[in-house]
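So you can see what is in the structure, the chains are spelled out below.
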Amino acid sequence: QSAQEHFNNVNPLAHALENAVARAEERARNKKQFWYITYEKTNLTDDRVYAGKTSGWGATPSEVLITRDRNHHMSRVGYGPARLEYAYSAGDGTGPRMIYGDIIIRGREQLLIEKWREQGLSGNTRNAIDPQKKREFYTIAKALAKTVF
């Protein structure tokens with residue numbers, strides 16, 4: 001057994017940290033950021049609009065959205081390509097921007113669903129946030145999204 005294999009077996013936490021640092025350095029070299037995104041897809045026959053959210057690493061928000069849209073479940077039921085609605089960068093994926101990003105984008109998705117539902121054009125069958133089970137989170141996420149947008 002090599003010294004590196006012994007080290008990896010003896011100290012898996014140090015090995016995991018070493019891998020995390022290597023991945024962070026690779027992302028920095030590739031100039032990738034962690035993105036939180038809301039998007040919309042329009043039904044090609046009846047103009048209903050599906051609002052969604054996604055997140056991931058990419059050089060641009062469009063790169064992340066293309067990956068999400070590649071096998072999107074709504075494309076199989078008559079919805080066109082996803083259109084970027086809003087993108088929020090969490091930068092290198094650490095710190096408060098990462099913590100708040102998910103809450104902000106989930107609130108934004110809920111605001112979009114409600115907007116299209118009020119117009120009778122929502123393609124979403126459920127909320128981004130269940131208002132009955134998560135009342136406090138629902139209220140905070142919507143309020144936070146309203147202050148950001």
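Shown above is the structure to which this text applies.
Residues numbered from 1 in each chain as written. Predicted model: local features only at pLDDT ≥ 70, side-chain atom pairs only at ≥ 80, totals over all residues. Heavy atoms only, no water.

**Description of the overall build of the chain**
Okay, step 1: The secondary structure content of the chain amounts to 5 helices and 3 strands.
Okay, step 2: Burial analysis of the chain (149 residues in total) assigns 34% to the buried set.
Okay, step 3: The long-range fraction of contacts in the chain, counting pairs at least 24 apart against all pairs at least 6 apart in sequence, stands at 63%.
Okay, step 4: Of the roughly 9100 Å² that the chain leaves accessible, carbon and sulfur atoms contribute 54%. (Helix = DSSP H or I, 4+ residues; strand = E, 2+ residues; numbered from the N terminus. Buried < 20%, exposed > 50% of the residue type's maximum accessible area, 1.4 Å probe, protein only. Contact = heavy atoms within 4.5 Å. Areas by Shrake-Rupley, 256 points an atom, 1.4 Å probe, with all protein chains shown as cover.)

**A closer look at the packing of aromatic side chains**
Okay, step 1: For the structure shown, the criterion picks out 2 aromatic pairs.
Okay, step 2: On the basis of an interplanar angle of 70° and a centroid distance of 5.2 Å, the ring pair of Phe34 and Tyr36 is categorised as edge-to-face.
Okay, step 3: Classification of Phe34 by relative accessible area gives buried; the value is 11%.
Okay, step 4: Between the aromatic rings of Phe34 and Trp57, the centroid separation amounts to 5.3 Å while the plane-to-plane angle is 80°, which identifies the pairing as edge-to-face. Of the two residues, Phe34 is situated in strand β1 (residues 33-42) and Trp57 in strand β2 (residues 49-58); the sequence distance between them amounts to 23 residues.
Okay, step 5: By relative accessible area, which is 32% here, Trp57 ends up partly exposed.
Okay, step 6: Grouped by ring-pair contacts, the aromatic residues Phe34, Tyr36 and Trp57 constitute a single cluster. (Phe/Tyr/Trp six-rings, centres within 6.5 Å; stacked < 30°, edge-to-face > 60°.)

**Let's talk about helix α4 (residues 96-118)**
Since the α-helix turns once every 3.6 residues, residues separated by three or four places project in the same direction.
Okay, step 1: Under the 1.5 Å per step criterion, the end-to-end length of α4 is 33 Å for 23 residues, consistent within 8% with the ideal 33 Å.
Okay, step 2: The principal kink in α4, of about 25°, is found at Asp102.
Okay, step 3: Turning to α4, its buried residues number three or more, namely Gly101, Ile104, Ile105, Gly107, Arg108, Glu109, Gln110, Leu111, Leu112, Ile113, Glu114 and Trp116.
Okay, step 4: Among the residues trailing α4, Gly120 stands out with phi positive, at a value near 70°. (Expected span 1.5 Å × (residues − 1). Bend = angle between axes of the 7 residues up to and from the residue.)

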